[in-house]
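Reading the structure
Listed below are the residues making up each chain.
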Amino acid sequence: MKKFIYTVLFTILAGAVTAQIKDPVSWTFEAKKKTADTYEVVLSANIQGKWHIYSQKTGKGGPIPTKVSFKANPLLNITGAVKEVGKVEKIYDEIFQTDVLYLSNKVQYVQTVKLKGKAKTNITGTIEYMVCDDTQCLPPAKKSFDIKLQ
């Protein structure tokens, strides 16, 4: 019976701690004009404390990799793949029993886009990610963005 009570108390305490941490990742979204018709779309993450998110290149069998998706826009051409800018660390994760790639502190996801004409438009989409620390993972999160290209 004592063991049951301790288990229930531990579960309640763990839930209370997790509930206080809504999302240890804050995002900013911007477009940097490079030429008259070319922009770099920059999705920047500031990651608190010992938390980290997983690289786009984290393989199968591991945690959920970060994924950037753009909504189709007939006024834009998306050029190349999304670049991940930050310090990528590789470790063997005991929980997932595989090598994982993750990023801490600050990371940027950069995509080059070209306007098809002189029209002003927005680029919209989502970024999906999973955030963990050394002891726990939060459920995967999805953030939407809508960035003006001017």
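Right, let's walk through the structure included here.

1. Describing the sheet that holds strand S6 (residues 88-93)
If you walk across this open sheet you meet the four strands as S6-S7-S3-S10, and the pairing is antiparallel. With one partner strand each, in any of the chains shown, S6 and strand S10 (131-132) form the two edges of the open sheet. Summarising the sheet, strand S3 (residues 52-54) and strand S7 (residues 98-104) pair through three bridges and their orientation is antiparallel. Note on S7: the bridge partner recorded for Tyr54 is Tyr102.

2. Quick notes on the sheet that holds strand S11 (residues 141-149)
An order of S4-S9-S11 is seen for the three strands of this open sheet, with the pairing classed as antiparallel. Sheet topology places strand S4 (67-70) and S11 at the edges, where each strand pairs with a single neighbour. Here the strands of the sheet are splayed against their neighbours by 20° on average, with no regard to which way each runs. Inspection of the sheet shows strand S9 (residues 121-129) paired to S11 by nine bridges, in the antiparallel sense. Residue Ile127 lies in a different strand from S11, and its bridge partner there is Lys143.

3. What about the state of the cysteines?
Counting across every chain of the model gives one disulfide. Between the sulfur of Cys132 and that of Cys137 lies a disulfide, 2.0 Å long from S to S. Its torsion about the S-S bond being 105°, the disulfide of Cys132 and Cys137 is classed as right-handed. On the accessibility criterion, Cys137 (35% relative accessible area) is partly exposed.

4. Describing the side chain of Thr38
As for its position among the elements, Thr38 is in strand S2 (residues 38-47). In this structure the side chain of Thr38 is engaged in a polar contact, spanning 3.0 Å, whose partner is the side chain of Thr35. Within the structure, the side chain of Thr38 is placed 3.1 Å from the side chain of Asp37, a separation counted as a polar contact. The contacts of Thr38, once residues within four sequence positions are left out, are Lys32, Lys33, Thr112, Val113 and Lys114.

5. Focus on the environment of Gly49
Checked against the element boundaries, Gly49 lands in the loop between S2 and S3. Judged by relative accessible area, which is 61%, Gly49 ranks as exposed. With 24 residues separating them in the primary sequence, Gly49 and Val25 have C-alpha atoms 9.8 Å apart.

6. Section: the nonpolar core
Counting residues in hydrophobic clusters, the biggest one holds 26 residues, and the most contacted among them are Val25, Trp27, Leu43, Ile53, Tyr109 and Leu149. Every residue in contact with Trp27, bar those within four places of it in the chain, is listed here: Leu43, Ser44, Ala45, Ile53, Tyr109, Ile127, Tyr129 and Lys143. Listed in part, the five residues of the second largest apolar core include Tyr54, Val100, Met130 and Cys132.

7. Quick look at the environment of Tyr102
The topology assignment puts Tyr102 in strand S7. For Tyr102, a relative accessible area of 12% puts it in the buried group. When neighbours within four sequence positions are excluded, Tyr102 is seen to be in contact with His52, Ile53, Tyr54, Ser55, Lys87, Val88, Glu89 and Ile91.

8. Describing unusual backbone geometry
Residues other than glycine seldom take positive phi values, yet Gln97 does so here, at roughly 55°. Mapped onto the fold, Gln97 is located in the loop between S6 and S7. If you check the backbone angles, Asn105 has positive phi at about 65° while not being a glycine. Among the secondary structure elements, Asn105 is positioned in the loop between S7 and strand S8 (106-115).

Thresholds applied
Residues numbered from 1 in each chain as written. Predicted model: local features only at pLDDT ≥ 70, side-chain atom pairs only at ≥ 80, totals over all residues. Heavy atoms only, no water. Pairing = 2+ DSSP bridges. Helix = DSSP H or I, 4+ residues; strand = E, 2+ residues; numbered from the N terminus. Axes fitted to C-alpha atoms, helices over the stretch in contact; angles between N-to-C directions. Disulfide = S-S within 2.5 Å. Buried < 20%, exposed > 50% of the residue type's maximum accessible area, 1.4 Å probe, protein only. Polar contact = N/O pair within 3.5 Å; in protein donor to acceptor, adjacent residues only side chain to side chain. Contact = heavy atoms within 4.5 Å. Core = buried A, V, L, I, M, F, W, Y, C linked by side-chain atoms within 4.5 Å.

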